Amino acid sequence: MTDGGSSIPEVHALLATLVASKPAGRFAETGTARWQCRSCQVLRAEVVHGHWLDVLPQRAPFDLLFADGGLRDTEGGFERSISLLAPGGFLVKDDMSPRRPIDGDEIREWLFREPRLIATEVLTTPSTAAIVAVRR
Ligand SMILES: C[S@@+](CC[C@H](N)C(=O)[O-])C[C@H]1O[C@@H](n2cnc3c(N)ncnc32)[C@H](O)[C@@H]1O
């Protein structure tokens, strides 16, 4: 997964923890910062250029999707991201402002109210958060 062009070590640790829970799992990251990232080389990852909606479906299902670029509901992005997940698969959305209300926040309204997901907010530092959702 990401080498952290912009994501922080706490997010790397969160991802590493979730990945470790899925031995032999398949993992995807949208918005990969550096195509020659260190962790890609370690994991012998496939690096794919393009809009995630175009390039990921044929590679799914994934046991973890780190949605770190281009996650919007335009083009059905929310529904299509769920369709990429294996049952029990994680969806991680980084770059959230912590402790914000669900109502009025498009990402939170979706992740916390979508019946096929169970979600929780994780403080990655005192001032940053990620949302981790798992597909039922
Ligand atoms: C927050 S940065 C990613 C940071 C990186 N994952 C890290 O941890 O350092 C977001 C990236 O998503 C890319 N992006 C935006 N929309 C996208 C899309 N629809 N498909 C794929 N990548 C997209 C942007 O070009 C940008 O490089």
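Use the structure listed above.
Just so you know, these numbers come straight off a predicted model, no measurement behind them.

S.K.: So what's going on with the sheet that holds strand β1 (residues 27–30)? Which residues, and what values?
M.R.: Across the sheet, which stays open at both edges, the five strands sit in the order β1-β2-β3-β5-β4 with mixed pairing between neighbours. Pairing within the sheet leaves two strands with one partner each, and these edge strands are β1 and β4 (117–125). Put simply, the sheet's adjacent strands are angled 15° from each other on average, direction ignored. Bridging between β4 and strand β5 (residues 128–135) involves eight bridges; their strand directions are antiparallel. Note that in β5 the partner of Thr 120 across the bridge is Val 132. In this fold helix α5 (residues 106–113) packs onto β3 (85–96), β4 and β5, with an angle of close to 130° to the strand it touches most, β4.

S.K.: Can you tell me about the pairing of β3, naming the residues and giving the values?
M.R.: Here β3 lies mainly inside the structure; nine of its twelve residues are buried. In this sheet, β3 lies alongside strand β2 (residues 62–67) in parallel orientation, the contact comprising five bridges. Following the sheet pairing, Leu 64 is matched in β3 by Phe 90. The β-α-β motif built from β2, the intervening helix α4 (residues 77–83) and the parallel element β3 has right-handed crossover chirality. Relative to β5, β3 is paired through five bridges, and the arrangement is antiparallel. Bridge assignment links Val 92 to a residue of β5, and that residue is Val 132.

Parameters at a glance
- Residues numbered from 1 in each chain as written.
- Predicted model: local features only at pLDDT ≥ 70, side-chain atom pairs only at ≥ 80, totals over all residues.
- Heavy atoms only, no water.
- Pairing = 2+ DSSP bridges.
- Helix = DSSP H or I, 4+ residues; strand = E, 2+ residues; numbered from the N terminus.
- Axes fitted to C-alpha atoms, helices over the stretch in contact; angles between N-to-C directions.
- Contact = heavy atoms within 4.5 Å.
- Buried < 20%, exposed > 50% of the residue type's maximum accessible area, 1.4 Å probe, protein only.
- Right-handed = clockwise from strand over helix to strand, strands pointing away.

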